[in-house]
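# Fold and contact review
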Amino acid sequence: MRSVIVTGGSRGLGLSIGTRLAAGGLRVIAIARRETPEFSTAAAAVREAGRGALHFRAFDLGETRGIAALVSSLHKEFRPLYGLVNNAGIGTSGVLAIMPDEQIERLIGINVTAPLVLSKYVVRHMMSEHAGRVVNISSIVASTGYHGLSAYSATKAALIGFTRSLAREVGPLGITVNAVAPGFADTEMTAELGEGERDKIMRRSALRRLVGPEDVAGAVEFLLSDQAKNITGTTLTVDAGNTA
Amino acid sequence: MSIRATITTQFEQVAVEQERTLASLADDLKLIDCGLDSLSFAIIVARLEDALGVDPFSSDQAVDFPVTFGDFVRLYERFAK
Ligand SMILES: NC(=O)c1ccc[n+]([C@@H]2O[C@H](COP(=O)([O-])OP(=O)(O)OC[C@H]3O[C@@H](n4cnc5c(N)ncnc54)[C@H](OP(=O)(O)O)[C@@H]3O)[C@@H](O)[C@H]2O)c1
């Protein structure tokens, strides 16, 4: 069975992605600091269905120094590592002029350094298999502005640049690297958004609605599928037409 | 298989896969001149981790990439202990 690592797979978009991939017959290893009740329920349902698998490994992606050992143990247990979905992220918002420096560093650590270092070690194994798929979860704020999200936006834009150049580097070995840029979807990350703000986002979207986690999961599933074998270095926007 | 033999085999195999001409692997051969590119080295390091169970380049001690083939072999011999 092909194995796919989904970071931040315990809830929100990551849980939706992991559940969808497992239902499609893949062996998913979700990584987050804590397992959630929603995750345990989803994993039980996957076992029940008897197709694919949904595992959990607790790890704090802020511990960059531990990532090499994590990948090494995942490789031993779940080889071959076919896919990596860099989804874990934090959405710290705030006006830059009064944002504590530590918060800026933490944003970059979790949203940029961690996916880069994780990709480094996972891609190595993909290289020796001559096959693999990397999907980075960016955001529409990588390319459009949003008040209070300047530091966060910088981290999401970083992933787009990373996606393009890594795609060139590993393309000759049959590995693809793409990004998905979701619009605002209802998860814990966006829970503090007020009703008025959600309405505004909906009204600004061509389809007059918000994106659901299942829409993002569908896009990731497609990029991991054989149908996407000739797609690399691109960003797939899933935003109900918010930036159209 | 000895560590040296394992390394030699990987160099030869990756050179074939990547369609590169490999120089004869003497200890004083500079890795820059051995005919492999950086991508090939990345594959070799990943395969050696599987074969020998060590990766000197992801350890906590900072390790510079070796200059000669002999340095490369000795580095793995040191870490594999
Ligand atoms: N929701 C949106 O509207 C939206 C829009 C565009 C892009 N995105 C992007 O989509 C991704 C997922 O967002 P979401 O809305 O699903 O967020 P979420 O509901 O807050 O979930 C975040 C996930 O990341 C994990 N995580 C956070 N810090 C971690 C750490 N230090 N180590 C390991 N795991 C960690 C969390 O688990 P633990 O807390 O247990 O560690 C959780 O599984 C993010 O990259 C986000 O930037 C979201």
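A brief look at the structure comes next.

Calculation notes
Residues numbered from 1 in each chain as written. Chains lettered and ligands numbered in written order. Predicted model: local features only at pLDDT ≥ 70, side-chain atom pairs only at ≥ 80, totals over all residues. Heavy atoms only, no water. Helix = DSSP H or I, 4+ residues; strand = E, 2+ residues; numbered from the N terminus. Buried < 20%, exposed > 50% of the residue type's maximum accessible area, 1.4 Å probe, protein only. Contact = heavy atoms within 4.5 Å. Expected span 1.5 Å × (residues − 1). Bend = angle between axes of the 7 residues up to and from the residue. Salt bridge = Lys/Arg side-chain N within 4 Å of Asp/Glu carboxyl O. Pairing = 2+ DSSP bridges. Axes fitted to C-alpha atoms, helices over the stretch in contact; angles between N-to-C directions. Right-handed = clockwise from strand over helix to strand, strands pointing away. Buried area = accessible area lost by both parts, 1.4 Å probe.

### Looking at the environment of A:Phe59
Residues and elements named next belong to chain A.
- Here Phe 59 lies in the loop between strand S3 (53-58) and helix H3 (67-78).
- Of the residues examined, Phe 59 reaches a relative accessible area of 15% and is grouped as buried.
- Sequence separation between Phe 59 and Ala 32 is 27 residues, and the spatial gap between their C-alpha atoms is 5.6 Å.
- Apart from residues lying up to four places away in sequence, Phe 59 is in contact with Ile 31, Ala 32, Arg 33, Gly 66, Ile 67 and Leu 70.

### Quick word on helix H4 (residues 101-129) of chain A
Residue and element names in this part refer to chain A.
- Counted at 1.5 Å a residue, the expected span for H4 with its 29 residues is 42 Å, and the 41 Å between its end C-alpha atoms agrees.
- At Gly 109, H4 is bent by approximately 40 degrees, the largest bend along its length.
- His 130 lies just past H4 and shows a positive phi near 60 degrees.

### Observations concerning the pattern of salt bridges
- Under the criterion given, the structure shown has 13 salt bridges over all chains.
- As a salt-bridge pair, A:Arg20 and A:Glu221 come within 3.1 Å of each other at their nearest N and O atoms. Of this pair, A:Arg20 sits in helix H1 (residues 12-23) while A:Glu221 is found in helix H7 (residues 213-224), placing the two residues 201 residues apart along the sequence.
- Linked through salt bridges whose partners overlap, the residues forming this network are B:Arg4, B:Asp27, B:Asp71 and B:Arg74.

### Let's talk about the sheet that holds strand S6 (residues 175-182) of chain A
All names here are of chain A.
- Across the sheet, which stays open at both edges, the seven strands sit in the order S3-S2-S1-S4-S5-S6-S7 with parallel pairing between neighbours. Strands at the two margins of the open sheet, each flanked by one partner only, are S3 and strand S7 (235-238). Recorded for the sheet is a direction-independent mean angle of 20 degrees between the axes of neighbouring strands.
- Examined bridge by bridge, strand S1 (residues 3-7) and strand S4 (residues 81-86) share four bridges and lie parallel to one another. Paired with Val 6 across the strands is Val 85, a residue of S4.
- Together, S1, strand S2 (27-32), S3 and S4 form the strand contacts of H3, whose direction differs from that of S2 by roughly 155 degrees.
- Contacts between helix H5 (residues 150-170) and the sheet are confined to strand S5 (132-137), S6 and S7, with S6 contributing the most and set at about 160 degrees to the helix.

### Looking at the pairing of S6(A)
All names here are of chain A.
- With eight of eight residues buried, S6 is to be regarded as a mostly interior element.
- The alternating pattern of S6 places Ile 175, Val 177, Ala 179 and Ala 181 and Thr 176, Asn 178, Val 180 and Pro 182 on opposite faces, both of which are buried.
- Here S5 pairs with S6 via six bridges, running parallel. Residue pairing in the sheet places Val 134 in a bridge with Val 177 of S6.
- Remark: the S5/H5/S6 crossover connection has right-handed handedness.

### Description of unusual backbone geometry
- For the bond from A:Arg79 to A:Pro80, the omega torsion is -5 degrees, close enough to zero to count as cis.
- Mapped onto the fold, A:Pro80 is located in the loop between H3 and S4.
- Positive phi values are uncommon outside glycine, yet A:Ala240 reaches one of about 55 degrees.
- Its location among the elements puts A:Ala240 in the segment after S7.
- At B:Glu19, a position not held by glycine, the phi torsion is positive, near 55 degrees.
- Mapped onto the secondary structure, B:Glu19 falls in the loop between helix H1 (3-17) and helix H2 (38-52).
- Looking at B:Glu19, the relative accessible area reads 73%, which means it is exposed.

### Focus on the interface of chain A and chain B
- Taken together, the 14 residues of chain A in the interface contact 14 residues of chain B.
- Together chain A and chain B conceal approximately 1,100 Å² of surface at their shared face, both sides included; 51% is due to carbon and sulfur atoms.
- Ranking the residues of chain A by area buried against chain B places A:Arg124, A:Met127 and A:Ser128 at the top, with a combined share of 42%.
- Viewed at the interface, chain B and chain A are joined by two salt bridges.
- Notably, a salt bridge pairs B:Asp55 with A:Arg124, separated by 2.2 Å at the nearest N-O pair.

Keep in mind these numbers describe shape, not what the thing actually does.
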